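One-letter residues, chain by chain:
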Amino acid sequence: MPKIIKEFDFVLNDYQVVKDTIKSGDSFGAIMDAHGVTRSQVFEISNKVKDSFNVAKIAVGKPYTILKSKDSIAEVKAFIYQKNKVNYAVVHVTDSIYASNKKKNVITKKRSITGVIDSSLSQTIEHENVSPYLTHILSSIYQWSIDFFKIQKGDRFKVIFTEQFLEDGTYVGINDVEAAIFEHNKTPFYAFQYEVKESKKQEVSYYDDQAKSLQSFFLKAPLQFSRISSRYSRRRFHPVQKRWKSHKGTDYAAPHGTPIWSTANGTVVKAGYTSGNGKYVKVKHNNKYSTQYLHMSKILVKKGQYVKQGDVIGRVGSTGLATGPHVCYRFWVNGKQVDPYRQKLPSSKNIEEKHKEAYFKYIKPIKKAIDSIPYKSVNNTQTYENTTISKSNANSSLESITSTLQ
């Protein structure tokens, strides 16, 4: 007896199976036409499944599978479109035409690693044979409390996180970071993921070992993984104007097109161009604080638009008086330009007293577990793994995570 092959909730042995990927110029209609489905049938299928699956939005590079009858007619029975490694859509092309969106089962494994910074966080993570997405998660968790432009050789970290795999062993990606310690300048910064439940409102965020939020009103920088090329100064030699003048901003050199984000929630009060600033955006956060972002190659917001902390508002360029691609980040307090690195900025909401007892009870075993993991020495390449495995369906956030990894 032949081996029974199951995939996408179908027994593939019962069909003629065609596997391919969407190529440039392909359309749902053209693919169906190549397999004997008439234009009138394609129109009928597209119209009936539009509320569940938009056939016009199939993307180049995505895999698809066509199941056909095993007789001489080879009639198409189903079209399966893989959105990512976990999520897929099935268009049933039988007497009853409909589409369904499904998810593959995943296996979740808990893992812990340690690392010592030698040159950068991303390089250290890479040496641990972990998805680079962990670098993004850690930098997002600590972006309000640690200046990643100033991390030093010898800084170290420990992380407990979960990775996900398909049942056939295919790696899906990092699902969650449960806890972390980042030791910067010999000071440990704890981070525990916790959900505060208050009636209808549920907030999942990261807090330290004292129940204080790691999130701040302002981000440390308006872009990720760059370098400060010029700091706020009352007297600096201008590279274009060739004269000494004050520099009331912080310059971050970065490749052309790098995303620039708003460092706090606010409303865009200016979005335009001047000969000095080039393309720029100014955001008013409240009656006290405003920020400005200069020399953009592209503006992605409009005046009057509300933006949230971390929203991309433009891209790095060299418009205006600039010798190379960078963003000049300017900061106002009560209408006066100041150095943001010298300001005592407001913090986000900490865990309230009535929730602290539950919080400390929740993190106690997790803190004990992460504290018990020995820090790695500079020459130690060992990683530490927990073999706890749980089987479950992919959660709602998995689609965005896997899309990022692809």
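Every value quoted in this text rests on a predicted model; they were computed, and no experiment measured them.

Q: I'd like to hear about the packing of aromatic side chains, residue by residue, with values.
A: Within the structure shown, the criterion is met by 20 aromatic pairs. Relative to phenylalanine 79, the ring of phenylalanine 28 lies with its centre 5.2 Å away and its plane at 85°, an arrangement referred to as edge-to-face. Placement of the pair is phenylalanine 28 in helix α1 (residues 28-34) and phenylalanine 79 in strand β5 (residues 76-82), with a sequence separation of 51 residues. For phenylalanine 28, a relative accessible area of 3% translates into the label buried. For phenylalanine 79, a relative accessible area of 0% puts it in the buried group. Here the aromatic residues Phe217, Phe218, Tyr289, Tyr293, Tyr329 and Phe331 are joined through ring pairs into a cluster of three or more. The aromatic ring of tyrosine 375 is capped on one face by arginine 156, whose charged end is 3.8 Å from the ring centroid. Geometry around tryptophan 332 places lysine 282 over its ring, the cationic atom sitting 3.9 Å from the centre.

Q: Go over the pattern of salt bridges with me, naming the residues and quoting the values.
A: Under the definition given, this model contains 13 salt bridges. Across the pair glutamate 178 and lysine 110 runs a salt bridge, and its minimum N-O distance is 3.3 Å. You can see glutamate 178 sitting in strand β10 (residues 171-184) and its partner lysine 110 sitting in strand β8 (residues 105-116), a full 68 residues away along the chain. By relative accessible area, which is 23% here, glutamate 178 ends up partly exposed. With a shortest N-O distance of 2.9 Å, glutamate 353 and lysine 356 are connected by a salt bridge. In this pair, glutamate 353 and lysine 356 are both assigned in helix α5 (residues 353-372), three residues apart and thus about one turn of the helix distant. You can call glutamate 353 exposed: its relative accessible area is 61%. For lysine 356, a relative accessible area of 21% corresponds to the partly exposed category.

Calculation rules
- Within each chain, residue numbers correspond to sequence positions counted from 1 in written order.
- pLDDT decides what is reported in this predicted model: residues at 70 or higher carry local features, side-chain atom pairs at 80 or more are listed and counted, and totals for whole chains, interfaces and linings draw on all residues regardless.
- To get the side-chain values, all heavy atoms of the structure are used, and hydrogens and water are removed first.
- The pairing test for Phe, Tyr and Trp rings, Trp by its six-membered ring, is centres within 6.5 Å, and the orientation test on the planes gives stacked under 30 degrees, edge-to-face over 60, and tilted for anything in between.
- Put simply, DSSP marks the helices as runs of H or I at least four residues long and the strands as runs of E at least two long, and each gets a number from the N terminus on.
- Relative accessibility thresholds used throughout: buried, under 20% of the residue-type maximum; exposed, over 50%; partly exposed, between the two (1.4 Å probe, protein chains only).
- Two thresholds decide whether a charge sits over a ring: the Lys NZ or Arg CZ must be within 6 Å of the ring centre and within 35 degrees of the ring normal.
- The rule for a salt bridge is simple: a side-chain nitrogen of Lys or Arg has to be within 4 Å of a carboxyl oxygen of Asp or Glu.

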